[in-house]
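Read off the chains here:
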Amino acid sequence: MTTRTRARGPLVDAEPVRRHVRELMAGGAGYARIATAANVPVATVNHMLYNPGTRPRTQRLTIKNAQRLLAVQSHHISTGLVDSTGSRRRIQALMAIGWPPRHLGPRLGLHEHYVSEIQRTPKTLASTAHALAVTYNDLWNKTPELHGVTPQAANRCRNYARTNGWPPAAAWDDDTIDDPAALPEWTGFCGTDRGYWVHVQQKVPMCEACTAAHQQWIADRADVKPVLRNQAMFAARAAAGTRGNDIATDGRELMRLGCDYEQAAARLGITRQHLQQELCRHPETATEAA
């Protein structure tokens, strides 16, 4: 191990590089094209982005590869017009946590009306998609009221997004937000009856997958006596009640002990996205902080 590390040179955290590559990919460039532009092996970028089989994603890179990938800019690999799915989802996710278009526009170099227009068009400029990905990564975990948005404007924005059923940033995984076929993961259990009850208890907008799962749960018990079916339903609702808070508490403790998101999620037997969702939904209490 020591010999190999010396041969490769010092290693650095891969997360900032992974985020940069994802931002370029949001602009329509494939990771192989980005790797070629950076003169970095395609396999290196692949292993940094994805889990190949049971092997975890690369967590550290050589300084040389990190510098080469970070040096690639969107204008080096411009792709003209790209699918606007990821851009639309990012705007809606930011609005869901209280960022109005009029505050996003200046960060993107766009008029607020064009920010809204992106949500209604099938294609957008690659440069705009890239700028949106960068802005999204900067704002998804920030409180708008602490960054120049009035409480009234933020609440209006959240209410508008809730009325339209737009998922927040925590419902999207960085690996799938640009995939038109991907579905948001609102609860960590979407597509199951447990997910349905998490929606209900946490007052999260209901998704189609959980509605269908609950209807199937009822249909599967059509022949069960009503009193027994109701008992099972009450038990299912109760089981969904504390799981999210327990995950958030345990996740924070693991990260205090030195685990990163990926490692903490693996220890808890959940995905990184699920852990991040629960941390957002269940903020640290004064007792935990103490």
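Before any of the text, the structure's been laid out above.
Residues numbered from 1 in each chain as written. Predicted model: local features only at pLDDT ≥ 70, side-chain atom pairs only at ≥ 80, totals over all residues. Heavy atoms only, no water.

(A) Structural view of the nonpolar core. Membership of the largest hydrophobic core comes to 24 residues, with the highest contact counts inside it found for Ile91, Leu94, Trp99, Leu104, Tyr136 and Trp172. Listing elements by their share of this core, those giving two or more residues are α6 (85-96), α7 (101-108), α8 (112-118), α9 (126-139) and α10 (151-163). Residue contributions to this core peak at 5 residues, all from α6. Apart from the residues lying within four places of it in its own chain, the contact partners of Tyr136 are Arg90, Ala93, Leu94, Ala169, Trp172 and Ile177. (Core = buried A, V, L, I, M, F, W, Y, C linked by side-chain atoms within 4.5 Å. Buried < 20%, exposed > 50% of the residue type's maximum accessible area, 1.4 Å probe, protein only. Helix = DSSP H or I, 4+ residues; strand = E, 2+ residues; numbered from the N terminus. Contact = heavy atoms within 4.5 Å.)

(B) Local environment of unusual backbone geometry. Positioned with a positive phi, Asn39 is a non-glycine residue whose angle comes to about 60 degrees. Within the fold, Asn39 resides in the loop between α3 (31-38) and α4 (42-49).

(C) Structural context of the packing of helix α2 (residues 15-26) against helix α5 (residues 63-71). Between α2 and α5, the least distance of the axes is 9 Å, while the angle of their chain directions is 30 degrees. Relative to α5, the element α2 is oriented roughly parallel. Two packed elements cross with a definite hand, and for α2 against α5 that hand is left-handed. Of the residues in α5, those touching α2 at Pro16, Val17, His20 and Val21 are Ala66, Leu69 and Leu70. Classifying every residue of the contact of α2 with α5 by side-chain character gives 6 nonpolar, 1 polar and no charged. (Axes fitted to C-alpha atoms, helices over the stretch in contact; angles between N-to-C directions. Parallel < 35°, antiparallel > 145°, perpendicular 65-115°, else oblique. Left-handed = near helix turned anticlockwise from the far one by under 90°. Nonpolar A, V, L, I, M, F, W, Y, C, P; charged D, E, K, R; others polar.)

(D) Region of interest: a nonpolar patch on the surface. Taken together, the side chains of Val224, Val227 and Leu228 make up a nonpolar region of the molecular surface, amounting to roughly 240 Å² of accessible area. Mapped onto the elements of the fold, Val227 is located in helix α13 (residues 226-239). (Patch = residues over 30% accessible without salt bridge, like charges linked within 9 Å, V, L, I, M, F, W, Y side chains within 5 Å. Areas by Shrake-Rupley, 256 points an atom, 1.4 Å probe, with all protein chains shown as cover. Salt bridge = Lys/Arg side-chain N within 4 Å of Asp/Glu carboxyl O.)

(E) Representation of α3 in the model. Those residues of α3 lying buried are Ile34, Ala35 and Ala38. Burial along α3 is one-sided: seen end-on, the buried residues are contained in an arc of 100 degrees. Its buried side turned inward, α3 meets α2, α4 and α5. At the exit of α3 stands Asn39, carrying a positive phi of roughly 60 degrees. (Arc of directions from axis to C-beta.)

(F) Representation of the pattern of salt bridges within the structure. Inspection of the entire model under this criterion finds 12 salt bridges. Notably, a salt bridge pairs Glu145 with Arg158, separated by 2.9 Å at the nearest N-O pair. You can see Glu145 sitting in the loop between α9 and α10 and its partner Arg158 sitting in helix α10, a full 13 residues away along the chain. Between Glu262 and Arg272 there is a salt bridge, and its shortest N-O distance comes to 3.3 Å. Taken together, the positions of Glu262 in helix α15 (residues 261-268) and Arg272 in helix α16 (residues 272-281) put the pair 10 residues apart, joining distant regions of the chain. The partly exposed category is assigned to Glu262, whose relative accessible area is 23%. Residues participating in the shared-partner salt-bridge network are Arg22, Arg57, Asp173, Asp175, Glu262 and Arg272.

(G) Fine view of the environment of Asn65. Mapped onto the secondary structure, Asn65 falls in helix α5. For Asn65, a relative accessible area of 15% puts it in the buried group. Each C-alpha atom of the pair Asn65 and Leu254 lies 30 Å from the other, and the pair is 189 residues apart in sequence. When near neighbours in sequence (up to four residues on either side) are disregarded, Asn65 contacts Val40 and Thr44.

(H) Layout of the packing of aromatic side chains. Counted under the stated rule, the structure contains 3 aromatic pairs. For the pair Tyr31 and Tyr50, a centre-to-centre distance of 5.8 Å together with 65 degrees between the ring planes defines the contact as edge-to-face. You can see Tyr31 sitting in helix α3 and its partner Tyr50 sitting in the loop between α4 and β2 (60-62), a full 19 residues away along the chain. Taking the relative accessible area as the measure of exposure, Tyr50 reaches 28% and is therefore partly exposed. Considering the side-chain rings of Tyr160 and Trp166, the 5.5 Å spacing of their centres and the 80 degrees angle between planes classify their relative orientation as edge-to-face. In this structure Trp166 comes out as buried when scored by relative accessible area, which is 13%. Directly above the aromatic system of Tyr136 lies the positively charged group of Arg90, at a separation of 5.6 Å from the ring centroid. The aromatic ring of Phe189 is capped on one face by Arg194, whose charged end is 4.7 Å from the ring centroid. (Phe/Tyr/Trp six-rings, centres within 6.5 Å; stacked < 30°, edge-to-face > 60°. Lys NZ or Arg CZ within 6 Å of the ring centre and 35° of its normal.)

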